[in-house]
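A closer look at the structure
These are the residues of each chain, in order.
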Amino acid sequence: MIELRWIVCIKKNIEIIMLFFRKIFFTGRRTALLVTGFFFNVIACAQQSVNTQNIKDNQLFYLLPHAMFLLKAPSDTTNVLNAGEQEWFKVSGNMAFNIGYVDKDIWMRFSVDNTSDSARDIALVLGSHRLNEVFLFEKDSINLEKKGVAGLKYPVRKQQYPFFVITFPLHIAARTSSHYYIKMDRNGISSLCIPILLDMKELKYQEQRTYTSYGILMGIIFLSGIFNLFLFFVLKEKIHVYYFLYSICAIWIMLSINRLDFQFLFPDHPSLSSVSRYSSVFIFTGFLFLIMQTFLGQSKSNSRFFVVCRWLRNICFICPVMEILRVALHVNWVGFSQVHFIVYEWIISISLLMVMLSCIEKILQKIRLAWFYLLAVSVTIAGGMLSIIAVSGLVDWSSLLMPPSTVEIGLTLEAVIICFGILYRYNFYKREKDALIFQLQEEKIKAAGAIITTQEQEQKRIAADLHDELGGNLAAIKMTLQSFHLSSKQEETMNYLIDKASNSTRHIAHDLMPPEFENTSLLELLDKFYLRLNTEGKIRFYFHSTGAVHPFNKQEELMIYRIILEFTNNIIKHSKATKATVQFIYYDDQLEIMVEDNGTGISKDTPGGIGLKTVQSRLDYLHGSMNIDSGVKGTTIIIQIPYNSA
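Everything in this summary refers to the structure shown in the same document. Here the structure is a predicted model, which means the values were calculated and not measured. (Residues numbered from 1 in each chain as written. Predicted model: local features only at pLDDT ≥ 70, side-chain atom pairs only at ≥ 80, totals over all residues. Heavy atoms only, no water.)

1. Details of the sheet that holds strand β2 (residues 61-62)
The following threshold applies: A pair of strands counts as paired when DSSP detects no fewer than two bridges linking them. Counting from the N terminus, the helices are DSSP H or I runs at least four residues long and the strands are E runs at least two residues long. Throughout, a contact is declared for two residues whenever any of their heavy atoms are within 4.5 Å. What counts as an axis is a line fitted to C-alpha atoms, over the stretch in contact for a helix, and the angles between N-to-C directions run from 0 to 180 degrees.
Overall, antiparallel pairing links the four strands, which are arranged β2-β10-β5-β8 in an open sheet. A single partner strand is all that each edge strand has here, and the edge strands are β2 and β8 (166-172). As defined by bridge partners, strand β5 (residues 120-126) adjoins strand β10 (residues 195-199) across five bridges and the pair is classed as antiparallel. The partner of I122 across the bridge, within β10, is D199. The strands that helix α3 (residues 200-235) touches are β5, β8 and β10; relative to β10, the one it contacts most, it runs at about 105°.

Pasting the structure below:
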């Protein structure tokens, strides 16, 4: 009996420490009771009845200050009424009742007085999701009469009131006092309980508000998951699939920890409740690892925590299978639930710690994305800690019983933050990729410019050689022939061939590098070029320009000149056209060149030759673009060159 008197809180701040360490350490029932006894003390006092007039609308009436408690072995439940008053104890605090891990049944008694002239319908709500079996008794003059049963052990249809927490409707007759006894079996798990009384109308309101709140929170998470599933089909990145599955697990957790899955999904199979609760948390944590490792690019080469995280991730995915086998094989020997629950909390606690350490490691490595994940995990952990504080009774948070609680809000915020983090990650990598592509493009353009400059210099040298050396040699040959005694017909033939070769050499040299290029504008140069073609060739060329002329530097003009020559030569050699038009259209920000002919068009089977590749290289250097539209009635080529190409 002395051991039982160790169970009342003496300082509320010490309760928080006790609850925290009880979550982490477990050394058996005896040690738990000793630790509990260190922090608690029994206050033996008379029980105060609850007056129904104090149970008002829009209000939760906390029953703990008006209740007495008793611990009895499961086989000794028939002697509850014979228990002495010294065996009953009262717990300090206004909200939460928690005496740790004990293998005895917990009894709670309270009385309700109805002093009005009309009957009153109220509800008893036990704020616990882990009670295995709960019996409601009402005391008559001699015995205890069973009024209802609830708990994870029974199907929903056998529960007194289908709600996500254990609820018993109470009918208090007019001008009477009712005495109730509650027997609670936790199946070896924590004895946390927050008993409240409330009016039935208030219960209906809280029920509607609870389901609406859950619907909104789950809807937010589900929409985030669907959005990422859509991104997966667009971007083909596996992290979006991981997030979609993670969001489904987050919704699953909300359902399982609040027994909503038991209430709506498998109401006739209570054994699945434990499987659902543990499996949802394990699988959720596994996907948390997957997203973290993919999100931060964690690998064995860049993280000292990678191997530990990988093992924990695998354990999180294996544990649900073990849980299913446990239920299927009916493994539930004495003490197993306690060990099972502590192992579960150890794994989850270590997993969350490793996720946080991995984020901190990446932050120290200057990875900005790690801040998103650390913030997301911290929000959930903070929500859990705030709920623990609420359970301890330090604050009057009715949301612990009537959601959304800080756990659900934290879980939703975590999902939203991770979703935004993934989007930020995509934009971050896209910017890096675009910057890299731009850098590579600039390097490519510089390399092409160097090649083109070398080509221009070589063409200029060849043009000079053709004009000076070959042209001079042909003139010398013609003069030398005059010293030979040839017939007039032979002399005429030789002079014709030499003149033709000389003219061809001069035209080639001029095409390679017009001698007046440095002192002539591009438009004048092209105008003379097409005038010469019209006098020598069979194709009629039309060249004209519109708009205010924007001057390019000589290097740019030379590249544009080479591009026009390439397309002109293609028209002469391959198009079979009778006429062609070349237009220069000067806009405010760019030069548009349009080359058209009425030829046979470019065959789709014709591969791009060296000429087109050279044209594209020059356009890349000028930051220009080209579009070719070819058909049986001719070809149209549109080239756009911005003025800021230099």
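After that view of the structure, there is still more to cover.
2. What to know about the pattern of salt bridges
Heads up, the condition is: Salt bridges are identified by distance alone: a Lys or Arg side-chain nitrogen within 4 Å of an Asp or Glu carboxyl oxygen. Using a 1.4 Å probe on the protein chains alone, a residue whose accessible area is under 20% of its type maximum counts as buried, one over 50% counts as exposed, and one in between counts as partly exposed.
Inspection of the entire model under this criterion finds twelve salt bridges. As a salt-bridge pair, E133 and K153 come within 3.7 Å of each other at their nearest N and O atoms. Highlighted residues: E133 in strand β6 (residues 133-139) and K153 in the loop between β7 (144-150) and β8, separated in sequence by 20 residues. One salt bridge connects D268 with R157, and the closest N-O pair in it is separated by 3.3 Å. In this pair, D268 sits in the loop between α5 (260-264) and α6 (272-296) while R157 sits in the loop between β7 and β8, placing the two residues 111 residues apart along the sequence. Classification of R157 as exposed rests on a relative accessible area of 63%.

3. Considering helix α13 (residues 554-575)
We apply this condition: The span expected for a helix works out to 1.5 Å for each residue beyond the first. Pairing of N or O atoms within 3.5 Å defines a polar contact, subject to two protein rules: one partner must be a possible hydrogen donor and the other a possible acceptor, and residues neighboring in sequence count only if both atoms are side-chain atoms.
With 22 residues, α13 ought to run about 32 Å at 1.5 Å a step, and its terminal C-alpha atoms sit 30 Å apart, in line with that. Where α13 starts, the residue carrying a side-chain oxygen 2.7 Å from the main-chain nitrogen of E556 turns out to be N553. Residue K576 follows α13 closely and has a positive phi angle near 60°.

4. Considering the sheet that holds strand β14 (residues 625-631)
With mixed pairing, the five strands of this open sheet are ordered in space as β11-β12-β13-β15-β14. Only two strands of the sheet have a single neighbouring strand rather than two, namely β11 (540-546) and β14. Neighbouring strand axes in the sheet, compared pairwise and without regard to direction, differ in orientation by 10° on average. Bridge count for β14 against strand β15 (residues 634-642) is seven bridges, and the pairing is antiparallel.

5. Concerning the packing of helix α4 (residues 238-257) against α6
Convention followed: Our angle categories are set so that under 35 degrees counts as roughly parallel, over 145 as roughly antiparallel, 65 to 115 as roughly perpendicular, and the remainder as oblique. For any pair of crossing helices, the crossing counts as left-handed if the nearer helix is rotated counterclockwise from the farther one by less than a right angle, and right-handed if it is rotated clockwise. Side-chain classes are defined by residue name, with Ala, Val, Leu, Ile, Met, Phe, Trp, Tyr, Cys and Pro counting as nonpolar, Asp, Glu, Lys and Arg as charged, and the others, Gly among them, as polar.
One can describe the packing of α4 onto α6 by two numbers: an axis separation of 8 Å at closest approach and a directional angle of 155°. In terms of orientation, α4 and α6 fall into the roughly antiparallel class. As α4 runs across α6, the sense of the crossing is left-handed. Classifying every residue of the contact of α4 with α6 by side-chain character gives 17 nonpolar, five polar and one charged.

6. Considerations on the pairing of β6
Burial analysis of β6 places five of its seven residues in the buried class, which makes it a mostly covered element. Linking β6 back to β7 in an antiparallel pair, the connection comprises four residues.

7. Side note on the nonpolar core
This is how the line gets drawn: Here, nonpolar core means buried Ala, Val, Leu, Ile, Met, Phe, Trp, Tyr and Cys residues that are tied together by side-chain atoms lying within 4.5 Å of each other.
In terms of nonpolar packing, the biggest core is built from 70 residues, with Y246, Y373 and I418 touching the most fellow members. With 13 residues, the top contributor of residues to this core is α6. Every residue in contact with Y373, bar those within four places of it in the chain, is listed here: L288, I291, M292, F295, V355, C359 and I418. Formed by 34 residues, the second largest nonpolar core is a distinct cluster that contains M559, V582, Y586 and L622.

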